Amino acid sequence: MTQNIRTSEGAALARFLHLLVAVLALGGFAIEFVIALTSGPGLAPTHAERMVRFFSYFTIQSNLLVGGTSLALVLDPRRDGPVFRVLRLDGLLCIAVTGIVYNTVLRGLEMVGGAGPVPNTMLHVLAPLFAVVVWVWVGPRPRITAATVWWSVAYPVAWLVYTFVRGAVTGWYPYPFLDAGDLGHAGALTNAAGVAVVFLVLAWGVRWADGRLPDTDRSLART
């Protein structure tokens, strides 16, 4: 009986923490989306182009990833499966990269939809911070294999290819450190490689920690 109570309490805590991450990530996204949707083209030539640019930001995509997987964990804190493992790891890594790059390189620049400091802080500071803290606290773990790490690389590589191809066609890049028009292709690709290295180091670091931090499945009740 005591063990059942403890595991039920653990599941309730996990759901609450995952919900907190989802609210921060998806709430920041929602505010920025409404502003972009209702305030005209902004700096883009057309409103349609503004919306394409909006969803082209790595920040937006990473917050959707971590927010969506966090909502899934609200429903089942022990959710598992090979596809979900990759999505969950991608969400965690991409939101961490978002926080690191923004706070070391991009802070002070107007990002995404220009909705103001509150959603900007939610997307670039609070969601990254809480996503990492919540994973360390309640997992779920263990989940990460070498195959999971390598499959997780597919999404950021695809995003970089999309960004450079679309940038070459339209002349617009979501971030100044990837702007091949200003930096040249060598400079932009060097910066992209640097971010890729950060991603891989984080990915293998998370895999290492996944096998050494407490097994959260044992402390959660399947409901």
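See the structure shown above.
About the criteria used
- Residues numbered from 1 in each chain as written.
- Predicted model: local features only at pLDDT ≥ 70, side-chain atom pairs only at ≥ 80, totals over all residues.
- Heavy atoms only, no water.
- Helix = DSSP H or I, 4+ residues; strand = E, 2+ residues; numbered from the N terminus.
- Rg over C-alpha atoms; globule rule 2.2 N^0.38 Å.
- Buried < 20%, exposed > 50% of the residue type's maximum accessible area, 1.4 Å probe, protein only.
- Contact = heavy atoms within 4.5 Å.
- Areas by Shrake-Rupley, 256 points an atom, 1.4 Å probe, with all protein chains shown as cover.
- Lys, Arg positive; Asp, Glu negative; His and termini not counted.
- Charge placed at Lys NZ, Arg CZ, Asp CG, Glu CD.
- Expected span 1.5 Å × (residues − 1).
- Bend = angle between axes of the 7 residues up to and from the residue.
- Polar contact = N/O pair within 3.5 Å; in protein donor to acceptor, adjacent residues only side chain to side chain.
- Patch = residues over 30% accessible without salt bridge, like charges linked within 9 Å, V, L, I, M, F, W, Y side chains within 5 Å.
- Salt bridge = Lys/Arg side-chain N within 4 Å of Asp/Glu carboxyl O.
- Core = buried A, V, L, I, M, F, W, Y, C linked by side-chain atoms within 4.5 Å.

Asker: Explain the overall build of the protein here, please?
Answerer: A count of helical and extended segments in the protein gives eight helices and zero strands. For the protein, the C-alpha radius of gyration of 18 Å lies close to 17 Å, the compact-globule estimate for 223 residues. By principal-axis analysis of the C-alpha atoms, the protein measures approximately 65 × 35 × 25 Å. Residues counted as buried form 47% of the 223 residues belonging to the protein. Considering only contacts in the protein between residues 6 or more positions apart, those separated by 24 or more positions represent 76%. If you sum the accessible surface of the protein, you get close to 10,900 Å²; carbon and sulfur atoms cover 71% of it. For the protein, the distance from the average site of its 16 positive side-chain charges to the average site of its 12 negative ones is 8 Å.

Asker: Sorry if this is basic, but what is going on with helix α8 (residues 180–210) here?
Answerer: Residue pairs spaced three or four apart in an α-helix point in one direction, given the helix's 3.6 residues per turn. Along its 31 residues, α8 runs just 37 Å from first to last C-alpha, ending more than 12% under the 45 Å computed at 1.5 Å per residue. Where α8 bends most, the angle comes to about 75°, and this point is Ala-186. Looking at α8, one finds that the buried residues are Ala-180, Ala-188, Ala-192, Phe-199, Ala-203, Val-206, Ala-209 and Asp-210. Its side-chain oxygen 2.9 Å from the backbone nitrogen of Gly-181, Asp-179 forms the N-cap of α8.

Asker: Just to check I follow, could you spell out a nonpolar patch on the surface for this structure?
Answerer: There is a patch of nonpolar side chains on the surface, built from Leu-13, Phe-16, Leu-129, Phe-130, Val-133 and Trp-137 and spanning about 580 Å² of accessible area. At the level of elements, α1 (2–38) and α5 (117–138) are the ones that each hand at least two residues to the nonpolar patch. In terms of residue count, α5 provides more of the nonpolar patch than any other element does, four residues in total. Within the secondary structure, Phe-16 sits in helix α1.

Asker: Looking at this model, I keep getting lost on unusual backbone geometry. Mind explaining?
Answerer: In terms of backbone geometry, most residues other than glycine have negative phi values and most peptide bonds are trans. With an omega of 10°, the peptide bond running from Gly-139 to Pro-140 counts as cis. Looking at the element boundaries, Pro-140 is found in the loop between α5 and α6 (146–152). Residue Pro-142 follows Arg-141 across a cis peptide bond; omega there is -5°. Relative to the assigned elements, Pro-142 resides in the loop between α5 and α6.

Asker: How should the environment of Val-157 be read in this particular structure?
Answerer: Of note, Val-157 is situated in helix α7 (residues 154–170). Here Val-157 falls in the partly exposed class, since its relative accessible area comes to 43%. Residues Val-157 and Ala-192, spaced 35 residues apart in sequence, show a C-alpha to C-alpha distance of 9.7 Å.

Asker: Would you explain the nonpolar core in this entry?
Answerer: Proteins that are soluble and globular tend to have nonpolar side chains buried together. The biggest cluster of nonpolar side chains holds 35 residues, and the ones touching the most others in it are Phe-164, Tyr-175, Leu-178 and Val-206. Of all the elements in the fold, those that place two or more residues in this core are α1, α2 (47–56), α3 (58–75), α4 (82–106), α5, α7 and α8. Once residues lying within four places of it in the same chain are set aside, the contact partners of Phe-164 are Tyr-173, Leu-178, Ala-188, Leu-189 and Ala-192. Core analysis: the second largest hydrophobic core is formed by 11 residues, Leu-24, Ala-25, Val-66 and Val-138 among them.

Asker: For this particular structure, what's the right way to read the environment of Val-101?
Answerer: Among the secondary structure elements, Val-101 is positioned in helix α4. With a relative accessible area of 14%, Val-101 lands in the buried category. In this structure, the C-alpha to C-alpha distance between Val-101 and Leu-200, residues 99 residues apart in sequence, is 14 Å.

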